[in-house]
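# Inside the fold
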Amino acid sequence: MLELLRNAHHTVTIDPVSQIARVTRSSLPSESVAQFEELWMEVSRALDRVDRHRLCLLIDLRAAVGRNDPQFEAAMQRIRPPVMGRFRRVAILVRTTAGALQIQRHFREDGIDRMIGSDEARLLDYLREAPARIR
């Protein structure tokens, strides 16, 4: 496992065998929307160091404290494309049904199909079944 980033809020790793990038969000809340956005952009910059087209992405949000205030929602809309873009497939691991519903709403807004759920093994199977991309 190759670690690209570790801070109090996120850990970013790459499994070169399975070709899965994993972003794990901690339970530590952001102090502000600006900090939230900057921390996710740090994740994006870490992921920019690898060839996203060859990888799938698993984002583990199980420990994160959910927010849905308007400022947070606007920040989420800005960070989704740079963080999740250009991967073969994306899956989001959540703890609750409410979390899954919120993420599903975001994806409908993006017009992108991604798998969301609380069953890590099922999400990993979905990612492993992604067809290889040729550049």
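In the block above lies the structure referred to throughout.
The following paragraphs examine the structure supplied in this document. (Residues numbered from 1 in each chain as written. Predicted model: local features only at pLDDT ≥ 70, side-chain atom pairs only at ≥ 80, totals over all residues. Heavy atoms only, no water.)

Helix and strand counts for the chain stand at 4 helices and 6 strands. The helix and strand sequence of the chain, counted from the amino end, reads β-β-β-α-β-α-β-α-β-α. Its C-alpha radius of gyration of 14 Å places the chain within 12% of the 14 Å reference for a compact globule of 135 residues. Projecting the C-alpha coordinates of the chain onto the three principal axes gives extents of approximately 40 × 25 × 25 Å. (Helix = DSSP H or I, 4+ residues; strand = E, 2+ residues; numbered from the N terminus. Rg over C-alpha atoms; globule rule 2.2 N^0.38 Å.)

What follows covers helix H2 (residues 70–84). Look at H2: 21 Å from first C-alpha to last across 15 residues, which is about the 21 Å you get at 1.5 Å a residue. At Arg78, H2 shows its strongest bend, of approximately 30°, with the proline Pro81 following within four residues. All of the buried residues in H2 are Phe72, Glu73, Ala75, Met76, Ile79, Arg80, Val83 and Met84. Among the structural elements, helix H1 (33–47), strand S4 (56–60), strand S5 (90–93) and helix H3 (97–110) are those in contact with the buried residues of H2. Positive backbone phi, at 75°, marks Arg86, one or two positions downstream of H2. (Expected span 1.5 Å × (residues − 1). Bend = angle between axes of the 7 residues up to and from the residue. Buried < 20%, exposed > 50% of the residue type's maximum accessible area, 1.4 Å probe, protein only. Contact = heavy atoms within 4.5 Å.)

Here a ring pair, both rings aromatic, is described through the centre-centre distance and the interplanar angle of the planes. Here the structure, examined in full by the defined rule, presents 1 aromatic pair. Between Arg89 and the ring centre of Tyr126, over which it is positioned, the NZ or CZ distance is 4.4 Å. (Phe/Tyr/Trp six-rings, centres within 6.5 Å; stacked < 30°, edge-to-face > 60°. Lys NZ or Arg CZ within 6 Å of the ring centre and 35° of its normal.)

Bringing the packing of H2 against H3 into the picture now. Think of two packed helices as two axes; the pair is described by the angle between the axes and how far apart they sit. Packing of H2 against H3 brings their axes to within 11 Å, and their N-to-C directions diverge by 65°. Between H2 and H3, the angle falls in the class roughly perpendicular. With respect to the hand of their crossing, H2 and H3 are arranged in right-handed fashion. Contacts from Phe72, Glu73, Met76, Arg80 and Met84 in H2 reach Gln102, Arg105, His106, Phe107, Glu109 and Asp110 in H3. (Axes fitted to C-alpha atoms, helices over the stretch in contact; angles between N-to-C directions. Parallel < 35°, antiparallel > 145°, perpendicular 65-115°, else oblique. Left-handed = near helix turned anticlockwise from the far one by under 90°.)

The next thing to look at is the pairing of strand S2 (residues 10–15). In summary, the side chains of a regular strand alternate between the two faces of the sheet. Most of S2 is tucked away, with 5 of its 6 residues classed as buried. Of the pairings in the sheet, the one linking strand S1 (residues 2–6) to S2 comprises 4 bridges and is antiparallel in character. Opposite Glu3, over in S2, you have Thr13 as the bridge partner. Taking the residues between adjacent antiparallel strands as the criterion, S1 and S2 are bridged by 3 residues. Sheet topology places S2 next to strand S3 (residues 20–25); 6 bridges connect them, and they run antiparallel. From the neighbouring strand, Thr13 faces S3, where its bridge partner is Arg22. Counted along the chain from S2 to the antiparallel partner S3, the turn is 4 residues long, and its residue Gln19 has a positive phi close to 60°. (Pairing = 2+ DSSP bridges.)

A separate point is the pattern of salt bridges. Two side chains bearing opposite charge may form a pair once their charged atoms approach each other closely. Applying the stated criterion across every chain yields a total of 13 salt bridges. Salt-bridge contacts for Arg78 lead to Glu37; the nearest nitrogen and oxygen are separated by 2.8 Å. You can see Arg78 sitting in helix H2 and its partner Glu37 sitting in helix H1, a full 41 residues away along the chain. Ionic pairing is found between Arg105 and Glu73, a salt bridge with its closest N-O pair at 3.1 Å. Here Glu73 lies in helix H2 and Arg105 lies in helix H3, a separation of 32 residues in the sequence. Residues joined in a network through salt bridges with shared partners are Arg22, Asp60, Arg62 and Glu120. (Salt bridge = Lys/Arg side-chain N within 4 Å of Asp/Glu carboxyl O.)

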